[in-house]
Amino acid sequence: MNKSNRRKFIGTAAALGVTTVAAAMPSIHMEKKYPLAHHVFFWLKNPDSKEDRDKLIAGIKTLKKIETVHGLHVGVVAETEKRDVIDMSWSVSELIFFSDLDGQATYQTHPLHLEFVKNCSHLWSKVVVYDAMEV
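Thresholds, definitions, all that
Residue positions within a chain follow its written sequence, with the count starting from 1. Totals for whole chains, interfaces and linings use every residue, but because this is a predicted model, local features are given only for residues with pLDDT of at least 70 and side-chain atom pairs only at 80 or more, for both listing and counting. The basis for the side-chain values is all heavy atoms of the structure; hydrogens and waters are excluded. Only runs of H or I of at least four residues qualify as helices and only runs of E of at least two qualify as strands under DSSP, and these elements are numbered from the N terminus. Contacts are residue-level and defined by heavy atoms, with any inter-residue pair within 4.5 Å sufficient. When a carboxyl oxygen of Asp or Glu lies within 4 Å of a side-chain nitrogen of Lys or Arg, that pair is called a salt bridge. Helix axes are fitted only over the stretch in contact, all axes being lines through C-alpha atoms; the angle between N-to-C directions runs from 0 to 180 degrees. Convention used here: angles under 35 degrees read as roughly parallel, angles over 145 as roughly antiparallel, angles from 65 to 115 as roughly perpendicular, and any remaining angle as oblique. Residues were grouped as follows: Ala, Val, Leu, Ile, Met, Phe, Trp, Tyr, Cys and Pro as nonpolar; Asp, Glu, Lys and Arg as charged; and all remaining residues, including Gly, as polar. We call two strands paired when DSSP finds no fewer than two bridges between them. Exposure categories follow from relative accessible area, calculated using a 1.4 Å probe and restricted to protein chains: below 20% of the type maximum is buried, above 50% is exposed, and the middle band is partly exposed. This arc is taken over the directions from the axis of the helix to the C-beta atoms. Each pair of aromatic rings taken from Phe, Tyr and Trp, with Trp reduced to its six-membered ring, is defined by centres within 6.5 Å and is described as stacked if the planes are under 30 degrees apart, edge-to-face if over 60, and tilted in the remaining cases.

Draft legend 1. How the structure looks around the environment of Val74. Tracing the backbone through its elements, the reader meets Val74 in strand β2 (residues 72-76). Along the chain, Val74 and Ser93 lie 19 residues apart, while their C-alpha atoms are 5.7 Å from each other. Once residues lying within four places of it in the same chain are set aside, the contact partners of Val74 are Ile57, Ile60, Lys61, Val92 and Ser93.

Okay, here's the thing in structure tokens:
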């Protein structure tokens, strides 16, 4: 490799490294600024129904309009390695971050959340919620 190509390679590699670190920073910042995580797991009544899953996902995504929601991640079961400690029985999950307990309380009684429950509760057979405060 000649000197010119080596310099280009090193410069590109350095730029990619800085970009990777910078991309990770917002998630670190979010954890500190929004320490309350609200993680909800849904089991569909009809787990093989793509239509029901898509309706639930669309309903969950409406919750990001609530002013106290500071980040919404909607997920489905990942195709990771099957291990005894991994529960793959659920269908859809939501992970929401809040600044504090008051923000989470506002979310619970917000008209958009109540509308979501009214419009989508017929789709699920079970819901489990985990609320965690960062330590």
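Draft legend 2. A look at the pattern of salt bridges. One pass over the structure, following the stated rule, counts three salt bridges. Note that Glu51 and Lys55 form a salt bridge whose closest N and O atoms lie 3.3 Å from each other. Placement of both Glu51 and Lys55 in helix α2 (residues 50-61) is noted, with a separation of four residues, approximately one turn of the helix. Between Arg53 and Asp54 there is a salt bridge, with its nearest N and O atoms 3.4 Å apart. What you see here is one network of salt bridges that share partners, running through Lys50, Arg53 and Asp54.

Draft legend 3. Seen up close, the packing of helix α3 (residues 101-109) against helix α4 (residues 111-120). Two elements in contact, α3 and α4, have axes separated by 5 Å at closest approach and are oriented at 50 degrees. The angle between α3 and α4 places the two elements in the oblique class. For the pair α3 and α4, contact is made by Tyr107, Gln108 and Thr109 and by Pro111, His113 and Leu114, respectively. Looking at the contact of α3 with α4 residue by residue, the class counts come to three nonpolar, three polar and no charged.

Draft legend 4. Focus on the sheet that holds strand β4 (residues 124-133). With antiparallel pairing, the four strands of this open sheet are ordered in space as β2-β3-β1-β4. On the outer flanks of this sheet lie β2 and β4, each paired with one strand and no other. Taken over all neighbouring pairs, the strand axes of this sheet differ in orientation by 15 degrees on average, direction set aside.

Draft legend 5. Structural view of α4. Within the sequence span of α4, burial applies to His113, Phe116 and Cys120. Along α4, the residues classed as buried sweep out an arc of 55 degrees about the axis, all on the same side. More than 90 degrees from the buried face of α4, the exposed residues found are Pro111 and Lys118. Against the buried residues of α4 lie β1 (36-44), α2, α3 and β4.

Draft legend 6. Expanded view of the packing of aromatic side chains. Throughout the structure, instances matching the rule amount to six aromatic pairs. Taking 5.1 Å as the distance between ring centres and 70 degrees as the angle between the ring planes, the aromatic pair formed by Phe41 and Trp90 counts as edge-to-face. A residue pair is termed long-range when its members are at least 10 positions apart, and Phe41 in strand β1 and Trp90 in the loop between β2 and β3 (92-98) qualify at 49 residues. Each of the two residues, Phe41 as well as Trp90, counts as buried. Ring centres 6.0 Å apart and planes at 80 degrees place the aromatic pair Phe41 and Tyr130 in the edge-to-face group. In this pair, Phe41 sits in strand β1 while Tyr130 sits in strand β4, placing the two residues 89 residues apart along the sequence. Taken together through their ring pairs, the aromatic side chains of Phe41, Trp90 and Tyr130 make up a single cluster.

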